[in-house]
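# Inside the fold
Chain by chain, the residues:
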Amino acid sequence: MSVVSVMVAVVLLSGVFIASAHSKIGLPAMVGFVALGCAIAALDPDLLTAISPDVATNLSSLALAMILFDGGLHTTPQRVRRAFWPAMSLATLGVLAQSAIMTALAHAVLRLPWLSSAMLGVAASSTDAASVFSALGNTSLKARLADVLEVESGTNDPMTFFLMTVLIDLARTGRPGLRPLEVAVLFAAQMGIGLGVGLAAGYLGRKLLAAARLDTPGLYPAVTLAMALLSFGMAQSMSGSGFLAVYLTGVVMAGGRMSERLAVLRFHEGLAWIVQIVMFVVLGFFLVPRDFADVAVPGLLLAYGAIFVARPAAVWLSTLFFRMTAEERWFIAWAGLRGAAPIVLILFAVEAHVQGYIALVEVVFFVVLVSALVQGMTVEWLAERFGLVQATPPESMCELLAIAREAAVMVPIVVMPGSPRAGKRLRDLAFPPDTLCYAVVRGGKAIVPRGSTRIREGDHLLVLAHEGAVSELERLFHEDQVGHAEALP
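The text that follows walks through the structure, step by step, so that each part is easy to find. What you see as residue numbers is a count from 1 along each chain, following the sequence as written. A pLDDT threshold of at least 70 governs which residues receive local features in this predicted model, and a stricter bar of 80 or more applies before side-chain atom pairs are shown or counted, although totals over entire chains, interfaces and linings include all residues. Note: side-chain values were computed over all heavy atoms of the structure, leaving out hydrogens and water.

The next point concerns a nonpolar patch on the surface. The patches described consist of residues with a relative accessible area above 30% and no salt bridge, like charges being joined within 9 Å and nonpolar side chains (Val, Leu, Ile, Met, Phe, Trp, Tyr) within 5 Å. Here the Shrake-Rupley method, with its probe set to 1.4 Å, supplies the accessible areas, and only the displayed protein chains count as covering residues. Salt bridges are defined by distance alone: a side-chain nitrogen of Lys or Arg within 4 Å of a carboxyl oxygen of Asp or Glu. Taken together, the side chains of Leu204, Leu208, Leu230, Met234 and Met238 define a hydrophobic patch exposed on the protein surface, amounting to about 420 Å² of accessible area. Here a strand is any run of E in DSSP of at least two residues, a helix any run of H or I of at least four, and the numbering for each starts at the N terminus. For the nonpolar patch, the elements supplying multiple residues, two or more each, are helix H9 (180–211) and helix H10 (220–237). Take Leu204: it is sitting in helix H9. With relative accessibility at 42%, the residue Leu204 sits in the partly exposed group. Only protein chains enter the calculation, and the probe is 1.4 Å; a residue is then buried if its accessible area is under 20% of its type maximum, exposed if over 50%, and partly exposed in between.

What follows is the structure, given as structure tokens:
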């Protein structure tokens, strides 16, 4: 047990330094994590017997669910509505088009059977928004463009996992194909269950967070984590899309009032980084660098086919009827970075022992790494070159505003005739802690008050307060008219 603890500590500390180095030298963190896994596997070859593809697949699926939930928490329902139709087109029509092109390329380059080629094509069609925004650093994309990329990446994973499920079913049963009606029913069932479970779990989570009055702020992330696990597990157990469910749960919960929002967001952001480090390191165990020599040429051909042919064609086709500039379309195509999902998907093929699965794993790793290096190191430059960045407040400022909306209320107070507070200066009133009179409305005009501002009869005071201070305000102004406390807009 002590050896395992030391190894986990080394992996996490190394991952932190790799992620920190990423922001300084521009090398995608994922490449460093995978390289770390390769190095550990080279030092201890017995790891491959301890961690089977089945264990790696289950671990990676759970990690991917946590990453999607964190993405959902940062994507409000308003952002989903703004980007819904182009993102859905990219996540469905775009995935199908990209999978078809990559299938044809894989069959031509690797000379694999069509079924195995289709698995590679599907796996290489899943994009990762976390990789995109990690590569962008502090550059802020235009709002709608950022929304499209985030919502697409959160919803194309369920589509690619569905397609892989269909292909693996064909491989295991040996049937020549599935009837279109059968595929449509299976798709509707998986997505319908994922949609229903995700919305229900998200709504339940919103109610719990709105009603919860927990003693310790650290308990709120326990509630959100429980809802994420419940959503993912319930959907999977019902043969639905757990990835769609957990992403939607995060989105719905993000749209409601959330006590200790900053603590929750920071917890899940940290958890997403931890599982990302562990996942890529574990996946790196299965990568043997010396075998890259055998797949270097076909791997490069497929990687450049995915980057320069399949993704651009799929983006232009799926956004044909949406109002976008050519620069936005080219950027969306270039920003289709591959991340964890392609590798997790191809591990399902390893479990099914489809023909040529060893070559599939190595080639998919190659495609993901080339995508991370080529696109990841140039996507920020391209966004600036195309003029797709905008000046926005720092994220911390946005988070602080969100916290103020969640944790504070506005209390209107009318100073009645004969009030003992009339004629007094604001600084002379014993306002309770955590309160602030931020406006005085007098004669139809708003006055920004100071401590020396004297209160008059008929003044309307707008007081910003913590919810717990409302009762003290009512006692202080008991001769006056204290209105109903309302949340900030």
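So that's the structure; there's more coming.
Turning our attention to the packing of H9 against H10. Note on method: axes are straight lines fitted to C-alpha atoms, helices fitted across the in-contact stretch only, with angles between N-to-C directions ranging 0 to 180 degrees. Taken N-terminus to C-terminus, the directions of H9 and H10 make an angle of 160 degrees; their axes are 9 Å apart at the nearest point. Classified by the angle between their axes, H9 and H10 sit roughly antiparallel to one another. By crossing handedness, the relation of H9 to H10 is classed as right-handed. Between H9, through Ile193, Val197, Gly198, Ala201, Leu204, Gly205, Leu208 and Leu209, and H10, the contact on the second element is made entirely by Tyr220, Val223, Thr224, Met227, Ser231, Met234 and Ala235. Any angle from 65 to 115 degrees is called roughly perpendicular, while one under 35 is roughly parallel, one over 145 is roughly antiparallel, and all others are oblique. Take the far helix as the reference: if the near one is turned anticlockwise from it by less than a right angle, the crossing is left-handed, and if turned clockwise, right-handed. Two residues form a contact once any of their heavy atoms are found within 4.5 Å.

Note on placement: Ile413 falls in strand E1 (residues 408–414). Residues Ile413 and Val482, spaced 69 residues apart in sequence, show a C-alpha to C-alpha distance of 4.5 Å. Residues contacting Ile413, with those up to four places away along its chain left out, are Asp459, His460, Leu461, Val463, Phe477, Asp480, Gln481 and Val482.

What follows deals with the packing of aromatic side chains. In this analysis, rings of Phe, Tyr and Trp, with Trp reduced to its six-membered ring, are considered paired at centre separations within 6.5 Å, and the interplanar angle assigns stacked below 30 degrees, edge-to-face beyond 60, and tilted for intermediate values. Considering all chains together, one arrives at 8 aromatic pairs under this definition. Summarising the aromatic geometry, the rings of Phe161 and Phe243 are spaced 4.4 Å apart at their centres and angled 35 degrees between planes, so their arrangement reads as tilted. Within this pair, whereas Phe161 is found in helix H8 (residues 143–173), its partner Phe243 is found in helix H11 (residues 242–254), the two being separated by 82 residues in sequence. For the pair formed by Phe161 and Phe243, the shared burial category is buried. Put simply, the rings of Phe161, Phe232 and Phe243 pair up and form one aromatic cluster. The lysine or arginine in question, Arg329, covers the ring of Trp316, its NZ or CZ lying 5.4 Å from the ring centre. A ring has a charge above it when a Lys NZ or an Arg CZ is no more than 6 Å from the ring centre and no more than 35 degrees off the ring normal.

Sheet faces and side chains relate simply in a regular strand, where the side chains alternate between the two faces. Alternating residues of strand E4 (residues 460–466) divide into Leu461, Val463 and Ala465, all buried, and His460, Leu462, Leu464 and His466, none buried. Any two strands with at least two DSSP bridges between them are considered paired. With 7 bridges joining them, E1 and E4 adopt antiparallel strand pairing. Bridge pairing in E4 places Val414 opposite His460. For strand E2 (residues 435–442) and E4, the ladder comprises 6 bridges, and the chain directions are antiparallel. Its bridge partner being in E4, Cys437 is matched across the sheet by Val463.

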